[in-house]
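# Overview (structure and organization)
Next come the chains, spelled out residue by residue.
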Amino acid sequence: MIIEKLEQALLSTISKLTSENKSKQNITFSRFSDVSSNISFLLAPVLKNSPANIADKIIKDFHSDDITNIKSLNGGFLNFTFTENALKNELMEILSNSNYGKKTANGKRVNIEFISANPTGPLVLVNARAGFTGMLLSNIMQFAGYETDKEYYVNDSGNQIGMFGMSILYHISNNCPDEFPENGYRGLYIKDIAETIKSESGTLDWNNENIKKCSDRGIEYILKWQKKSLNEFGIEFDNWTYESNIRKSGFIDRTIDLFKEKGLLEEKDNAVFFRSSGIYDDKDRVIIKSDGTYSYLLPDTAYHFNKIERGYDIIIDILGPDHHGYINRLRSAVHTINEKIEIRVLIAQLITLLKNGEKFEMSKRQGDFITFDELKENIDIDVLKFIFLMRKMSQPINFDIEEAKKQTMDNPVYYVQYAHARICSVFDKAGVKKCPNSIDEKIFTIPEARELILKMMEYPYIIYSIAQTFEIQKVGVYLTELAGLLHKFYHNHRIISDNVDDMNNKITLLWGVRKIISNGLKMMNIKPKTRMENNEV
RNA sequence: GCGCCCAUAGCUCAGUUGGAUAGAGCAACGGAUUUCUAAUCCGUAGGCCACAGGUUCGAAUCCUGUUGGGCGUACCA
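Okay, so let's go over this structure.

The rules behind each value
- Residues numbered from 1 in each chain as written.
- Chains lettered and ligands numbered in written order.
- Predicted model: local features only at pLDDT ≥ 70, side-chain atom pairs only at ≥ 80, totals over all residues.
- Heavy atoms only, no water.
- Near = heavy atom within 4 Å.
- Polar contact = N/O pair within 3.5 Å; in protein donor to acceptor, adjacent residues only side chain to side chain.
- Helix = DSSP H or I, 4+ residues; strand = E, 2+ residues; numbered from the N terminus.
- Nonpolar A, V, L, I, M, F, W, Y, C, P; charged D, E, K, R; others polar.
- 1 Å grid on protein atoms, 1.4 Å probe; cavity = no way out; pocket = protein on both sides within 12 Å on 5 of 7 lines; lining within 4 Å.
- Points joined across faces, edges and corners; volume = space filled by probe spheres on them.
- Pairing = 2+ DSSP bridges.
- Axes fitted to C-alpha atoms, helices over the stretch in contact; angles between N-to-C directions.
- Contact = heavy atoms within 4.5 Å.
- Buried < 20%, exposed > 50% of the residue type's maximum accessible area, 1.4 Å probe, protein only.
- Phe/Tyr/Trp six-rings, centres within 6.5 Å; stacked < 30°, edge-to-face > 60°.
- Lys NZ or Arg CZ within 6 Å of the ring centre and 35° of its normal.
- Parallel < 35°, antiparallel > 145°, perpendicular 65-115°, else oblique.
- Salt bridge = Lys/Arg side-chain N within 4 Å of Asp/Glu carboxyl O.
- Core = buried A, V, L, I, M, F, W, Y, C linked by side-chain atoms within 4.5 Å.

### Some points on the protein's contact with RNA strand B
Of all residues adjacent to RNA strand B, which total 60 residues, the nearest are Lys-289, Arg-422, Ser-425, Gln-473 and Glu-533. Contact between RNA strand B and Asn-38: a base nitrogen at 3.0 Å from a side-chain N or O atom of the residue. One of the side-chain N or O atoms of Asn-159 is found 2.9 Å from a phosphate oxygen in RNA strand B. Tallying contributions element by element places helix α16 (residues 412–430) first for the surface near RNA strand B, with seven residues. Of the residues in the surface near RNA strand B, the class split is 20 nonpolar, 24 polar and 16 charged.

As structure tokens, then:
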């Protein structure tokens, strides 16, 4: 890639001026030329010289076959202009390399866990955001050279599960308590599950065995439902890990032993505390409660122990917005197990669904939450994906469902899809089945063509930067920009013409654009459209 | 009280390892079309980047303080 080559050339020029290693990515796409660098400003303090002077020295010494012009502007910004031949070569690489920009494997393994909703109810709105985000992030990390596993953790043990079992059994037991369990599950689906069990096993007595029976059968029912929802939303996992298996596997004892060994356990008020306060946390945390049961942290730590033992270098957890206070104690725990492991806990922020500016209440059938099933009925999933993924995950979203429907035409996802479909449509019209792969470099004297190839070149760097910063919204923003340039080119330059050479040049260029748009959409798990259908809205 | 996140155009939001004139879409106004699908393009208007200091050659971006909002602060999960 010519950006890489330029970086190399620049570094080698600089190395003659100073031994100081400036290994930062200093090349940026610029509105003053093709690309620019602020390196002279960064070197100024080191070389004790003005940026303008340093820029002049660099220019004097700099050589690259790809660069036709280099100049210093505004006190020392270096501005490079590529030769048309270099741009042509880049386009050919985009066309010939089926994985343009994809990095070779770096040997690092990433575990990315997301959603992990309790198996006590259907998936809801915020799970969709975490799900889309997890899928995208996983694709991005793969592109950037990591080996990734997407993981779903099933919390099928603990208090909530007992409560879940009781809530079900309550409906099909003769001798249950007078009162429905406090904090029990009240969704209508609970009754459905109860009816199913009743049809299988008849009425059941109220005892622990039957509570367990109900929770087991209930979990099975819910997981099936959740998996169906995930499938409909295009969210896939490589691993499903069950808390019950973690509990059986001995990792809990090993966690306790390890913490004890490190002197990080303390008994107080009949409970056992993990001394997390000195690590990342601001206070110590209970791991075994005074009644002898575990708090959530202990099995979850054991689970992370298990992940670490499976050999991951980086562990990413995408959690819901109510887990804010949990991050530091988890980091403390992971750090205690193995301080070399990089753990990144991300929070997918709250989504408020609105309808005409008012908080949207869906049917009360499942309680107060908006389920995947209800979402699917109300909105196109690809639209939802794009809108969710265009926001940075730290930003809460107010999402007006009516507006998304009503403004379908102006929805950013359609803007991008239309660019893709437009290219397909032109190719169709021109009867092109294969890329002509012939391009005269003179096409890059057309400003819009130049903008397009430069934007295409940026694609891999957008993805690499997301792999570092997790700012997933950049993909959608980038695609919108690329689509905008395509629309502009299309509008100003007729593609189909009697001049076969000219036509082939443009088709070759657009072939590249289509490929990048398609790659970007696929990264987001959105299917590129080959034609736009009229939506009845 | 303490901790974390946030505050950018009328609205929804982009814009951070500090960079050159702060952007897009919607909404408003004006133009382009009997098209390679106008689901598009071009233009006008709209900003004290919450406020006040500081660091720097340079700040929406970093630091401190203030104001306003969200979340967390369980022997819940």
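So much for the structure itself; the text now carries on.
### Observations regarding empty space enclosed by the protein
Following the criterion strictly, the structure yields two cavities of 30 Å³ or more and no others. In this structure, the largest cavity occupies an estimated 50 Å³ of space. Lining the largest cavity we find Asp-380, Asp-382, Val-383, Val-413, Tyr-414, Gln-417 and Lys-529. Among the elements of the structure, α14 (381–389) and α16 are those that each provide at least two residues to the lining of the largest cavity. With three residues, the top contributor of residues to the lining of the largest cavity is α16. For the lining of the largest cavity, a count of residues per class yields three nonpolar, one polar and three charged.

### A closer look at the sheet that holds strand β12 (residues 342–347)
Spatially, β7-β6-β5-β11-β12 is the arrangement adopted by the five strands of the open sheet, whose pairing is parallel. Lying at the two open borders of the sheet, with one neighbouring strand each, are β7 (239–242) and β12. Here the average twist between neighbouring strands, direction ignored, is 25 degrees. By the bridge criterion, five bridges tie strand β5 (residues 109–114) to strand β11 (residues 314–319) in an arrangement that is parallel. When the sheet's bridge partners are listed, Glu-113 is paired in β11 with Asp-317. Contacts from helix α5 (residues 125–143) reach β5, β6 (147–154), β11 and β12 within the one sheet, and its direction differs from that of β5 by about 170 degrees.

### A word on α14
The buried count for α14 comes to eight of nine residues, which makes it a mostly enclosed element. You can read the cap of α14 off the contacts: a side-chain oxygen lies 2.8 Å from the backbone nitrogen of Asp-382, and it is on Asp-380.

### Brief notes about the packing of aromatic side chains
A complete count under the given rule lists 22 aromatic pairs for this structure. Here the aromatic rings of Phe-41 and Phe-77 are separated by 4.6 Å at their centres, their planes lie at 40 degrees, and the arrangement is tilted. With Phe-41 in helix α2 (residues 39–47) and Phe-77 in strand β4 (residues 77–82), this residue pair connects regions lying 36 residues apart in the sequence. Pairing Tyr-221 with Trp-225 gives two aromatic rings, centres 6.4 Å apart and planes at 80 degrees, and the pair type is edge-to-face. Taken together, the residues span about one helical turn, with Tyr-221 and Trp-225 both in helix α8 (residues 208–232) at a distance of four residues. On the basis of relative accessible area, Tyr-221 is assigned to the partly exposed category, the value being 28%. Sitting over the ring of Tyr-464, Lys-103 keeps its end group 4.3 Å from the ring centre. Lying over the aromatic face of Tyr-312, Arg-109 brings its terminal NZ or CZ to 4.4 Å of the ring centre.

### Brief notes about the packing of helix α10 (residues 251–261) against helix α11 (residues 297–309)
α11 packs onto α10 with a crossing angle of 95 degrees between their chain directions and a minimal axis gap of 8 Å. One element, α10, and the other, α11, form an angle in the roughly perpendicular class. Contacts from Phe-251, Ile-252, Arg-254, Thr-255, Ile-256, Leu-258 and Phe-259 in α10 reach Leu-298, Pro-299, Thr-301, Ala-302, Phe-305, Asn-306 and Glu-309 in α11.

### Thoughts on the pattern of salt bridges
Between side chains of opposite charge, a pair can form as their charged atoms come close. By the definition in use, this model includes 27 salt bridges. A salt bridge links Glu-84 to Arg-450, with the nearest nitrogen and oxygen atoms 4.0 Å apart. Placement of Glu-84 in helix α4 (residues 84–96) and of Arg-450 in helix α17 (residues 447–469) is noted, with a sequence separation of 366 residues between them. Glu-84 gets classed as partly exposed once you look at its relative accessible area, which sits at 23%. On the basis of relative accessible area, Arg-450 is assigned to the buried category, the value being 14%. In this structure, the salt-bridge partner of Arg-247 is Glu-243, at a minimum N-O distance of 2.9 Å. Within this pair, Arg-247 and its partner Glu-243 are both found in helix α9 (residues 243–248), separated by four residues, close to a single helical turn.

### Section: the nonpolar core
Counting 142 residues, the largest nonpolar core has Phe-82, Ile-115, Ile-235, Ile-316, Phe-388 and Met-456 as its most contacted members. With 13 residues, α17 is the single largest residue contributor to this core. Sequence-distant contacts of Phe-388, that is, excluding residues within four places in its chain, are made with Leu-125, Ala-128, Arg-129, Phe-132, Ile-351, Ile-397 and Phe-399. Within the second largest apolar cluster, 32 residues are counted, among which are Phe-251, Leu-298, Ala-302 and Ile-315.

### Here we look at the environment of Asp-61
Turning to its location among the elements, Asp-61 is positioned in helix α3 (residues 51–61). On the basis of relative accessibility, which here comes to 38%, the residue Asp-61 falls in the partly exposed class. Leaving out residues up to four positions away in the same chain, Asp-61 has contacts with Thr-13 and Lys-16.

### Regarding the sheet that holds strand β10 (residues 285–288)
If you walk across this open sheet you meet the three strands as β8-β9-β10, and the pairing is antiparallel. The sheet is open, and its two borders are formed by β8 (265–268) and β10, each paired with just one other strand. Strand-to-strand, the axes of this sheet are offset by a mean angle of 45 degrees, without reference to chain direction. By the bridge criterion, three bridges tie strand β9 (residues 271–274) to β10 in an arrangement that is antiparallel. The residue of β10 that forms the bridge with Phe-274 is Arg-285.

By themselves, these figures tell us nothing about what the structure is for.
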